[in-house]
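Examining the three-dimensional arrangement
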Amino acid sequence: MITQKDVKYIASLSRINLKEQEVGRLTKNLEAILHYIEKLKKVDVSQVQPTSHVFPLNNVFREDVVQPSLHQDKAIKISQNHHQGSFKVPKVIE
Amino acid sequence: MTSSIGQKFETVIGLEVHLQLNTKTKIFCGCANLFGAEPNSLTCPVCLGLPGTLPVLNKAALLSAIKVALALNCSVNPRVKFDRKNYYYPDLPKGYQISQYDLPIAEHGFVMIPVPEGTKKINVKRAHLEEDAGKLVHDMVAHSSLVDYNRTGTPLIEIVTEPDLRSSQEAYDYLNILKLTLQYLNVSDCDMEKGSLRCDANISLREKGSTQLGTKTELKNLNSFRAVKASLEFEVHRQEQLLLAGERIVQETRLWNDEKQMTLSMRSKEEAHDYRYFPEPDLVPFTIDQATIEKVRESLPELPAAKFDRLRKQYQLSDYDAGIIIQDQTIADFFEKCTQHSQEIKKICNWIIGPLLQEINSRKTGLAELSLKPQDLTTLIQRVEEGVLSNLSAKEVFALMVETGQTPDAIIKDKGLAQVSDDSALEGIVQSVIGENQSVVEQIKQGKDSAIGFLVGQAMKKSQGKGNPKKFGELIKRRLQDG
């Protein structure tokens, strides 16, 4: 069972602002998804290798070789708020 | 030491150390892994977390992590994966940190620390790889924080102990041994001032004899090992006072304030530790085979504890001497090279621990930066043994050797520092010293032998330090007996 309170909490962790009616709709949607997960949990997987990735791939590495970085002005221009080469955000500590 | 804590409670401490690896590039992209560059000059779409980019693991970071794992006596997991740790903070451009949750690189290791009764095993719970976050600056612009993403994606290894430490001193000793071991591995510069080595501490108290853990606080902002020790001592006292007053400990993060020498509650909104870990879908899992592990194991240098034991046995060094020599790998190597040129082990050791370390410390440099060759130090020691140099002149020659890289013999010749031991050259000086100090001579004749030292001093002065003091002593005694 997922409650509207759970949905509001998860939304706040994800910094998503939900309207009241969205909370109601999402609670129903998530409830259905969780119901399906419950169904999946009943499948016997004792003979199946655990999967953490869908591709049958392993050990994809990069060698430790330096590649060019973006220029500072190009990097900071992806944000509207910057100051002397740094990104500027609302103050995060008192 | 637990002297500050009463008989009622036991201190329980666990430490988390974050170590920045010194790979050439970041953990998941090819940006250079460098400290001190212009802000946001070492970033790319991957480490800025732009949509559509994909991380790819740096092989060198994984190998360094295996190195650390083996040095800390951990078992390396044959299968590892990465997970997302989700939280919002401006230093984390993706909104999550790529870390490891249930399949870390390494588990179940240990570090031995010295305790009054001998040694004690501190268990290492796990060590895992993750990416560092960016750097925030809060005081530059009003109502704003500034963000530099150069550090974002720096490879980190987090080393977590079990709650096995029982005092601030044990915590301090563990950190020193851990740091030395990591320095030997050459996987990081371990510089706390640059933030390449960082430490958080968890501390709780419990009644003696209890096996349950008490409520802990997490201490952050520990900028030196001294700060770790001081903050733990403060926290032991604070928690003890609360418990004795019948109050409860609040589980919270506390920041160490170095000026006030106290921990203060962080009271942050970010305290909800709900990270919603899940497997990182952008990285495939990794298998670490036995051959790779063995190859890394073979590449490990002799570690500090083993070196300490070997130096003591092989060269009969005292615990004190061996303990100092192993604090720096290059010093230990230098010591051993010196012993290939000379049998005067104790003298070599004294010269290294004394004058050499003084030169290194006062110049704030390393041995590698000084142009000092092992055979030059052993030649210097030999010249003192032969009576060519007085101990005092030897120190002067040594300073010049370090300064110029010249051989001791060249310096002795250049500066005319060779001791004069030739009787005829010294006789004249002895004669005039005796002539000028008749009252002292009378005292000696009446049995005050210690006054001979004064005459030797005068003779040394006259010879401008070049006379052999032993020889002066002999000549003075002989002359007084004759006369």
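To keep things clear, this report deals only with the structure shown in the data block. (Residues numbered from 1 in each chain as written. Chains lettered and ligands numbered in written order. Predicted model: local features only at pLDDT ≥ 70, side-chain atom pairs only at ≥ 80, totals over all residues.)

Residue and element names in this part refer to chain B. Of note in the backbone geometry, H108 takes a positive phi value of approximately 55° without being a glycine. On the secondary structure map, H108 appears in strand β7 (residues 106-115). Not every positive phi belongs to a glycine, and C190 is a case in point at roughly 55°. Its location among the elements puts C190 in the loop between α2 (168-185) and β12 (197-207). (Helix = DSSP H or I, 4+ residues; strand = E, 2+ residues; numbered from the N terminus.)

This next bit is on the packing of helix α1 (residues 4-13) of chain A against helix α2 (residues 20-41) of chain A. Residues and elements named next belong to chain A. Close contact between α1 and α2 brings their axes to 9 Å; oriented N to C, the two are set at 100°. Classed by the angle they form, the pair α1 and α2 counts as roughly perpendicular. Across the interface between the two elements, Q4, V7 and K8 of α1 pack against V23, G24, L26, T27 and L30 of α2. Across the contact of α1 with α2, the residue classes tally to four nonpolar, three polar and one charged. (Axes fitted to C-alpha atoms, helices over the stretch in contact; angles between N-to-C directions. Parallel < 35°, antiparallel > 145°, perpendicular 65-115°, else oblique. Contact = placed C-beta atoms within 7 Å. Nonpolar A, V, L, I, M, F, W, Y, C, P; charged D, E, K, R; others polar.)

Moving on to the interface of chain A and chain B. Across the boundary between the two partners, chain A contributes 31 residues, which contact 40 residues of chain B. Mapped by element, the contributors of at least two residues to the side of chain A that touches chain B are β1 (61-62), α3 (72-76) and β3 (86-90) of chain A. Relative to strand β2 (residues 57-58) of chain B, β1 of chain A is paired through two bridges, and the arrangement is parallel. Along β2 of chain B, the bridge assignment pairs F61 of chain A with L57 of chain B. (Pairing = 2+ DSSP bridges.)

How two helices sit against one another is set out by the angle between their axes and by the gap between those axes. Residues and elements named next belong to chain B. At a minimum axis distance of 10 Å, the contact between helix α7 (residues 329-339) and helix α8 (residues 345-362) shows a crossing angle of 145°. Note that α7 runs across α8; the crossing there is right-handed. Contacts from I331, F334, F335, C338 and T339 of α7 reach α8 at I345, I348, C349 and I352. Here the residues of the contact of α7 with α8 are counted per class, giving eight nonpolar, one polar and no charged. (Left-handed = near helix turned anticlockwise from the far one by under 90°.)

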